[in-house]
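# Commentary on secondary and tertiary structure
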Amino acid sequence: MTAEILRALDADLVQQDEQQLTPDAYKEVFRRHPAGVAVVTLTDGDRLVGFTATSVISVSAAPPLLAFSLASTSSSWPAVSRARTLAISFLSGAQDDVSARFATSGIDRFAAGGWTALPTGEPVIEGAVSWVRGRVVQRTPVGGSYLVSVRALAHGTTDEVAPLVYHDRTYHRIGDATAI
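These notes cover the structure that comes with them. (Residues numbered from 1 in each chain as written. Predicted model: local features only at pLDDT ≥ 70, side-chain atom pairs only at ≥ 80, totals over all residues. Heavy atoms only, no water.)

### Describing the overall build of the protein
Within the protein, the secondary structure is distributed over four helices and 12 strands. In terms of C-alpha radius of gyration, the protein reaches 17 Å, essentially the compact-globule figure of 16 Å for 180 residues. Here the C-alpha coordinates of the protein stretch approximately 50 × 45 × 40 Å along the principal axes. A total of 180 residues make up the protein; the buried ones form 32% of that total. (Helix = DSSP H or I, 4+ residues; strand = E, 2+ residues; numbered from the N terminus. Rg over C-alpha atoms; globule rule 2.2 N^0.38 Å. Buried < 20%, exposed > 50% of the residue type's maximum accessible area, 1.4 Å probe, protein only.)

Here's what the structure looks like:
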């Protein structure tokens, strides 16, 4: 089914006669668009899975839905493709090291600690600005990625903590001094 959907999307894109951006030009545009930094975590059997995401978006407040994208080639995709629930921790400005750790392949991203399991089992990152526990409601193939839609079930927040932002391949901290 997934292969059919991707072939149909590819066919639709080929039929369009507009010139499109090259991958490098597209990346150049989004390097200039700042994004909040989050870590998506879940359990896959007895294994913990987590990865850094700057693609988390709010979709709807009623019902409470959010989404993120994940490449189909990601080592985390098989676990996400099976997951019923997961947690998304929105990182604070002091957690650039956590973001880098969860973006690194080939390591145990949870070994350094700094996380707590919810009573339902999903890990959340300690010190994050906020977190959401959610149920995966849809996995939509788009290009070489999946858009994963999540219904928010529970959350936690921290007062007076500035978020971590990623812009032009660099982490930034937002604070009172940057307010307009």
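### Comments concerning the packing of aromatic side chains
Per the counting criterion, the structure on display carries six aromatic pairs. Each ring, one from Phe-51 and one from Phe-68, has its centre 5.8 Å from the other, and the planes form 55°; the classification is tilted. Taken together, the residues span a long stretch of sequence, with Phe-51 in strand β3 (residues 47-53) and Phe-68 in strand β5 (residues 64-71) at a distance of 17 residues. Here a set of aromatic residues connected by ring pairs shows up, and it is made of Phe-102, Phe-110 and Trp-115. (Phe/Tyr/Trp six-rings, centres within 6.5 Å; stacked < 30°, edge-to-face > 60°.)

### Focus: the environment of Val-80
For Val-80, the location among the structural elements is in helix α3 (residues 77-82). Judged by its relative accessible area of 0%, Val-80 is buried. Measuring from C-alpha to C-alpha, the distance between Val-80 and Val-49 comes to 8.6 Å, with 31 residues separating the pair along the chain. Discounting residues that sit within four places of it in the chain, Val-80 has contacts with Leu-42, Phe-51, Phe-68, Leu-70, Arg-139 and Val-148. (Contact = heavy atoms within 4.5 Å.)

### Section: the sheet that holds strand β9 (residues 130-142)
If you walk across this open sheet you meet the seven strands as β3-β2-β6-β9-β10-β5-β4, and the pairing is antiparallel. Edge strands, defined here as strands with exactly one partner in the open sheet, are β3 and β4 (57-61). The average angle at which neighbouring strand axes cross in this sheet is 30°, direction not considered. (Pairing = 2+ DSSP bridges. Axes fitted to C-alpha atoms, helices over the stretch in contact; angles between N-to-C directions.)

### Focus: the nonpolar core
Residues Val-40, Leu-42, Phe-68, Val-80, Leu-86, Ile-88 and Val-148 are the most contacted members of the largest nonpolar core, which totals 21 residues. Within the residue set of this core, elements represented by two or more residues are β2 (38-44), β3, β5, α3, β6 (85-90), β9 and β10 (145-157). With near-sequence residues (within four places) excluded, Val-148 lies in contact with Leu-66, Ala-67, Phe-68, Trp-77, Val-80, Val-136 and Gln-138. Membership of the second largest hydrophobic core comes to eight residues, among which are Val-98, Phe-102, Phe-110 and Ile-125. (Core = buried A, V, L, I, M, F, W, Y, C linked by side-chain atoms within 4.5 Å.)

### Here's the deal with the pattern of salt bridges
Within this structure, the stated rule accounts for four salt bridges. The salt bridge involving Arg-173 is made with Asp-96; its shortest N-O contact spans 3.0 Å. Of the two residues, Arg-173 sits in strand β12 (residues 170-173) while Asp-96 sits in helix α4 (residues 96-102), which places them 77 residues apart along the sequence. Ionic contacts of the salt-bridge type, sharing partners, join the residues Asp-44, Arg-47 and Arg-82 into one network. (Salt bridge = Lys/Arg side-chain N within 4 Å of Asp/Glu carboxyl O.)

### Observations regarding a nonpolar patch on the surface
A surface patch of nonpolar side chains, amounting to about 420 Å² of accessible area, comprises Leu-21, Tyr-26, Val-29 and Phe-30. Examined against the element boundaries, Val-29 turns out to sit in helix α2 (residues 23-31). Assessed through its relative accessible area of 46%, Val-29 is described here as partly exposed. (Patch = residues over 30% accessible without salt bridge, like charges linked within 9 Å, V, L, I, M, F, W, Y side chains within 5 Å. Areas by Shrake-Rupley, 256 points an atom, 1.4 Å probe, with all protein chains shown as cover.)

### Considering the sheet that holds β12
The three strands lie next to each other as β1-β11-β12, forming an open sheet whose pairing is antiparallel. The open sheet has two edge strands with one neighbour each: β1 (35-36) and β12. Pairing between strand β11 (residues 164-167) and β12: four bridges, direction antiparallel. Counted as the bridge partner of Leu-164 is Arg-173 from β12.

### Remarks on unusual backbone geometry
The phi angle of most residues is negative, glycine excepted, and most peptide bonds adopt the trans form. For the bond from Ala-62 to Pro-63, the omega torsion is 0°, close enough to zero to count as cis. Note that Pro-63 resides in the loop between β4 and β5. Here Asp-168, not a glycine, exhibits a phi torsion of approximately 50°, which is positive. Here Asp-168 is to be found in the loop between β11 and β12. In this model, Arg-169 sits at a positive phi of 65°, which is unusual for a non-glycine residue.

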